[in-house]
Amino acid sequence: MKKNEKNLMNGLLSGDRVCLSRLISIVESDPSAISRISRSIKEVPNHAYRIGMTGPPGAGKSTLTNKIIARFREKKLKIGVIAVDPSSPFTGGAVLGDRIRMQEHTLDNGVFIRSIGSRGDFGGLSNSTSAIIKLFDIFGMDIVIIETVGVGQTELGIIKISDCVIVTLVPESGDSIQAMKAGLMEIGDIFIVNKSDRGGAEKLAREIDYMISLKQTTPKWRTKVLTAQAENDIGINEIMDEIKSFREFEELNGSLLAKRSARKISELDELLNRKLKQELERIKDMDKVKKAISKLKDGKLESEDIAELIFDLLKRE
Ligand SMILES: Nc1nc2c(ncn2[C@@H]2O[C@H](COP(=O)(O)OP(=O)(O)O)[C@@H](O)[C@H]2O)c(=O)[nH]1
Ligand SMILES: [Mg+2]
């Protein structure tokens, strides 16, 4: 591990926010740095409960997050927030919006908010998101909230990194069919119809509830649809209760543990993929590989043959 990283890690472990911030920048530009960092400590605590906040732009995710932070802070819990900006020209202002919405917490030492770009990676989440969550965890956060925009199938990576997914919808953001198309119906553990001051919320809530009742596969847990007015601080206590119930339910029946093990396996998968790709760069005779691949295209070789060839070349290096 690099010397400055070591110093930063010591700072992180002693609760230095500047060190946390600098380490986040390091893993943001090079997500693989997290391997070095987490190897330098005995064990990653895996203590933080991860809440994923998703839904269409403008639904009120940041406003809701802001209120949820306040409730957790009443219990003195430490919270890390990652606001993922989809870096698209259409939603370019999102990061600024998130900052403004959560501004009241920026001076609170128990809250750390970071906005990051998604760079169009799979799942709409950058590779660095998992790494940042790990840093938050080592720092001693009790809760991590990840805010992402959920607009299409490619944005559903949130489910892979969260313990609990909250889907926020609004009456005017389109009907329940829209949400279903975006794949949001499948991923929510809790649904919120926000902006209920605007009318149409009860109807949308009933529609979503009906669709859930058709899809519900876990017999014991019944996903709820709550209505809220984030801006007016209405319905927030009910949301907090629901988060608590869901967490307790999953802790008791073992699903939380199962989810977390599955996540570790998929992390291992990604890590191996990355390492293997790095290994491939060691091959000097790339011309041979390229030629073989062109034969694959015109059907003269099969993919199995090429895989064999590549592994042979690797062994020779
Ligand atoms: N009318 C109404 N507006 C709200 C409510 N909650 C949030 N908003 C507004 O909706 C806009 C988008 O909120 P924001 O939290 O940035 O949405 P995000 O893009 O999902 O994070 C902001 O102007 C908020 O003030 C609500 O309950 N009622
Ligand atoms: Mg937002």
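Data block above holds the structure.
Residues numbered from 1 in each chain as written. Chains lettered and ligands numbered in written order. Predicted model: local features only at pLDDT ≥ 70, side-chain atom pairs only at ≥ 80, totals over all residues.

Caption draft 1: Quick peek at the pairing of strand E5 (residues 164–169). Most of E5 sits inside the fold, with five of its six residues counted as buried. Relative to strand E6 (residues 190–193), E5 runs parallel, the two sharing four bridges. Note that in E6 the partner of Thr168 across the bridge is Ile192. (Buried ≥ 20, exposed ≤ 12 C-beta atoms within 10 Å, placed from the backbone. Helix = DSSP H or I, 4+ residues; strand = E, 2+ residues; numbered from the N terminus. Pairing = 2+ DSSP bridges.)

Caption draft 2: Fine view of the nonpolar core. Judged by nonpolar contacts, the single largest core of 65 residues is most densely connected at Leu23, Leu135 and Ile145. With seven residues, the single largest contributor to this core is helix H6 (residues 128–139). Those residues in contact with Leu23 that lie beyond four places of it in its chain are Leu8, Leu12, Ile37 and Leu135. (Core = buried A, V, L, I, M, F, W, Y, C linked by C-beta atoms within 7 Å. Contact = placed C-beta atoms within 7 Å.)

Caption draft 3: Main features of unusual backbone geometry. One non-glycine residue, Lys76, adopts positive backbone phi at about 65°. Among the structural elements, Lys76 can be located in the loop between helix H4 (61–74) and strand E2 (79–85). For Asp233, which is not a glycine, the phi torsion comes out positive at approximately 60°. With respect to the helices, strands and loops of the structure, Asp233 is situated in the loop between strand E7 (224–227) and helix H11 (236–252).

Caption draft 4: Seen up close, the site of ligand 1. Around ligand 1, the structure places 17 residues, and the nearest of them are Gly60, Lys61, Ser62, Thr63 and Glu231. In terms of residue count, H4 provides more of the shell around ligand 1 than any other element does, three residues in total. (Near = placed C-beta within 6 Å.)

Caption draft 5: Summary view of the packing of helix H2 (residues 17–29) against H6. Their axes nearest at 9 Å, the elements H2 and H6 cross at an angle of 155°. What the angle tells us is that H2 and H6 run roughly antiparallel. Handedness of the crossing formed by H2 with H6: right-handed. From H2, Leu20, Leu23, Ile24, Val27 and Glu28 reach across to H6, where they touch Ser128, Ala131, Ile132, Leu135 and Phe139. Residue classes in the contact of H2 with H6 are distributed as eight nonpolar, one polar and one charged. (Axes fitted to C-alpha atoms, helices over the stretch in contact; angles between N-to-C directions. Parallel < 35°, antiparallel > 145°, perpendicular 65-115°, else oblique. Left-handed = near helix turned anticlockwise from the far one by under 90°. Nonpolar A, V, L, I, M, F, W, Y, C, P; charged D, E, K, R; others polar.)

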